[in-house]
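In case you want the letters, here they are:
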Amino acid sequence: LGFSRENDQGIALSAPHRNYRDDRHKPECLCALTPFHALCGFRMPVEICTLLDPVWPTHHRAHLDKLKGSEDGSALRDFFVYVMTMDKSERASLVNEIAAAALKSRGQNQAFDWIVRLYEAYPEDIGVLSPLLFHLITLRPGQALFLPAGRMHAYLKGVAVELMANSDNVLRGGLTSKHVDVDELLRVLDFRSYPLEVLEPQSIGEQEQLYPSPAEEFELSVIRIRSDQSHDSGHRRPTPEILLCVDGTAKFQWGGSSKGLDLLRGESVLVPAGMERYQIQGQTILYKAAVHSRVINPKGS
């Protein structure tokens, strides 16, 4: 709907204030390669109130009191709307006061520490409050997150592999110098509070592990091979894959190839749909992006 609406309004696809550049949604899967800090999805209202209480200015107390004791998503939406739509000077004053209070409480809670760091990078940006509103998580290397379309998130620090559906749509809420469309963000944002779910890889072969997710478009897996091993893809589905080498060196070989292809750390290879089988050797770790089997066989045929 947003894509069609902006087309009807005559907004160019390349316009910096354009939100929707295609008509597809954009679920994402992110897998940490280093310790990775992220914000993802709203906390429960009671948890938000507990974190906000020691830093929230008294002259804004009435709006916080309305959120207290409520588990209703509409109450959380009302609070978020209030924060996002207040006057620019009032919003800047609120951010300044909360950042100053968080500085005094630094070390008591990781959320306060991140407020101080974000304030230094984005002074007076309402996104500075995000660590108090959204789940704050640190992924260990090898752990992953799935983020469906409509769930607010931000990646704070670390290195990770990110895989998403074929879409370039972005709605921003803060912590950026780019276009922020508050009205559209409030229209599509999911205000429900979900438990935080970390994805752990599940073995689907001797060397390969798959990250289970509800994504219909893609699959993410990791292939770990020792120097004395060889990974065989077996007979593949007729779909493309992308293999990204994140550690070590891999020798990629396929039928009809006499030399194969050497992959160094940071390099990737596109496996065409027509390649029936391939082998990988070397002391290496590779991440594989593939088309989900439900797309290939939507009825299980």
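Note: the structure precedes this text.
Everything numeric in this text was worked out from a predicted model, so none of it was measured. (Residues numbered from 1 in each chain as written. Predicted model: local features only at pLDDT ≥ 70, side-chain atom pairs only at ≥ 80, totals over all residues. Heavy atoms only, no water.)

**Examining the packing of helix α5 (residues 88–104) against helix α6 (residues 110–121)**
Test applied: Only C-alpha atoms enter the line fits that serve as axes; for helices the fit covers just the stretch in contact. Angles between N-to-C directions range over 0 to 180 degrees. Each helix corresponds to a stretch of at least 4 residues labelled H or I by DSSP, and each strand to a stretch of at least 2 residues labelled E; elements are numbered beginning at the N terminus. Comment on the angle field: the value is read as roughly parallel under 35 degrees, roughly antiparallel over 145, roughly perpendicular from 65 to 115, and oblique elsewhere. Crossing handedness follows the turn of the near helix against the far one: under a right angle anticlockwise gives a left-handed crossing, and clockwise gives a right-handed one. Note on definitions: a residue-residue contact is assigned when non-hydrogen atoms from the two residues lie within 4.5 Å. Here the nonpolar group is Ala, Val, Leu, Ile, Met, Phe, Trp, Tyr, Cys and Pro; Asp, Glu, Lys and Arg are the charged ones; every other residue, Gly included, is treated as polar.
Contact geometry of α5 with α6 gives a least axis separation of 8 Å together with a crossing angle of 130 degrees. Relative to α6, the element α5 is oriented oblique. In this structure, the crossing between α5 and α6 has a hand that is left-handed. Contact with α5, carried on its side by V95, N96, I98, A99, A102 and L103, involves F112, I115, V116 and Y119 of α6 and no other residues of that element. Partitioned by chemical class, the residues of the contact of α5 with α6 number 9 nonpolar, 1 polar and no charged.

**Looking at the pattern of salt bridges**
Using the following cut-off: Salt bridge, as used here: a side-chain nitrogen of Lys or Arg that lies within 4 Å of a carboxyl oxygen of Asp or Glu. Exposure classes here rest on a 1.4 Å probe applied to the protein chains alone. A residue is buried below 20% of its type maximum, exposed above 50%, and partly exposed in between.
Scanning the model with the defined rule gives 18 salt bridges in all. Between R18 and E6 there is a salt bridge whose closest N-O contact spans 3.0 Å. Residue R18 is found in the loop between α1 (2–8) and β1 (28–32), and its partner E6 is found in helix α1; the two are separated by 12 residues along the sequence. Each member of the pair, R18 together with E6, is buried. The closest approach of N and O atoms between R236 and E241, which form a salt bridge, is 3.3 Å. Relative accessible area serves as the criterion here: at 13%, R236 is assigned to the buried category. Shared partners join several salt bridges into a network, and the residues in it are D53, R61, D65 and K68.

**Re unusual backbone geometry**
With phi around 70 degrees, E124 is a residue other than glycine that occupies positive phi space. Of note, E124 is situated in the loop between α6 and α7 (130–133).

**Thoughts on the nonpolar core**
Applied cut-off: In this description, a nonpolar core means a group of buried Ala, Val, Leu, Ile, Met, Phe, Trp, Tyr and Cys residues linked to one another through side-chain atoms lying within 4.5 Å.
Core analysis: the biggest nonpolar cluster contains 45 residues, and L52, W56, F79, F80, I98, I115 and L132 have the highest contact counts within it. The element contributing the most residues to this core is helix α4 (residues 73–85), with 7 residues. Aside from chain neighbours lying at most four places away, what touches I98 is V55, W56, P57, I115, L129 and L132. V161, A215, F218 and V222 belong to the second-largest nonpolar core, a separate cluster that totals 15 residues.

**Observations concerning the sheet that holds strand β5 (residues 153–157)**
Put simply, the test is: Two strands pair under a simple rule: DSSP has to find at least two bridges between them.
Taken in spatial order, the 3 strands of this open sheet run β3-β2-β5, and their pairing is antiparallel. At either end of the open sheet lies a strand with only one pairing partner, and these are β3 (134–139) and β5. Neighbour-to-neighbour, the strand axes of this sheet turn through a mean angle of 25 degrees, independent of strand direction. With 4 bridges joining them, strand β2 (residues 36–42) and β5 adopt antiparallel strand pairing. Within β5, the residue paired with C40 across the bridge is H153.

**Some points on α5**
At 3.6 residues per turn, the α-helix brings residues three or four places apart onto the same side. As a reminder, the rule being used: Each residue after the first adds 1.5 Å to the expected span of a helix.
Its 17 residues place the ends of α5 25 Å apart at the C-alpha level, agreeing with the 24 Å of an ideal helix rising 1.5 Å per residue. Taken together, the buried positions of α5 are occupied by A92, L94, V95, I98, A99, A101 and A102. Those residues of α5 hidden inside the fold are in contact with α6 and α7.

**Digging into the environment of H292**
Position of H292 relative to the elements: it lies in the loop between β16 (284–291) and α9 (293–296). Among the residues examined, H292 registers a relative accessible area of 8% and is labelled buried. In sequence terms H292 and A154 are 138 residues apart; their C-alpha atoms lie 25 Å from each other. Residue contacts for H292: discarding those within four places in its chain leaves A215, E216, E217, F218, E219 and R237.

**Remarks on the sheet that holds strand β10 (residues 230–232)**
Sheet architecture is open: 4 strands sit in the order β10-β15-β12-β13, paired in antiparallel fashion. The open sheet terminates on both sides in strands that have one partner only, identified here as β10 and β13 (261–263). Each adjacent strand pair in this sheet contributes to an overall mean axis angle of 25 degrees, direction not counted. Where β10 and strand β15 (residues 278–281) come together, 3 bridges link them in antiparallel fashion. Pairing of S230 across the sheet is with Q281, part of β15.

**With respect to the packing of aromatic side chains**
Here is the rule: The criterion for an aromatic pair is that two Phe, Tyr or Trp rings (for Trp, the six-membered ring) have centres within 6.5 Å, with stacked assigned to planes under 30 degrees apart, edge-to-face to planes over 60 apart and tilted to the rest.
With the rule as written, the count across this model stands at 9 aromatic pairs. Between F42 and F80, the ring centres sit 5.4 Å apart and the planes meet at 90 degrees, which makes this aromatic pair edge-to-face. With F42 in strand β2 and F80 in helix α4, this pair connects stretches of sequence that are 38 residues apart. Take F42 and F80: they sit in the same class, and that class is buried.

**Quick look at the pairing of strand β11 (residues 241–248)**
Pairing analysis gives 4 bridges linking β11 to strand β14 (residues 268–271), with the strands arranged antiparallel. By the bridge assignment for β14, I242 is matched with L270. Sheet analysis places β11 next to β16, joined by 7 bridges and oriented antiparallel. The residue of β16 that forms the bridge with C245 is L286.

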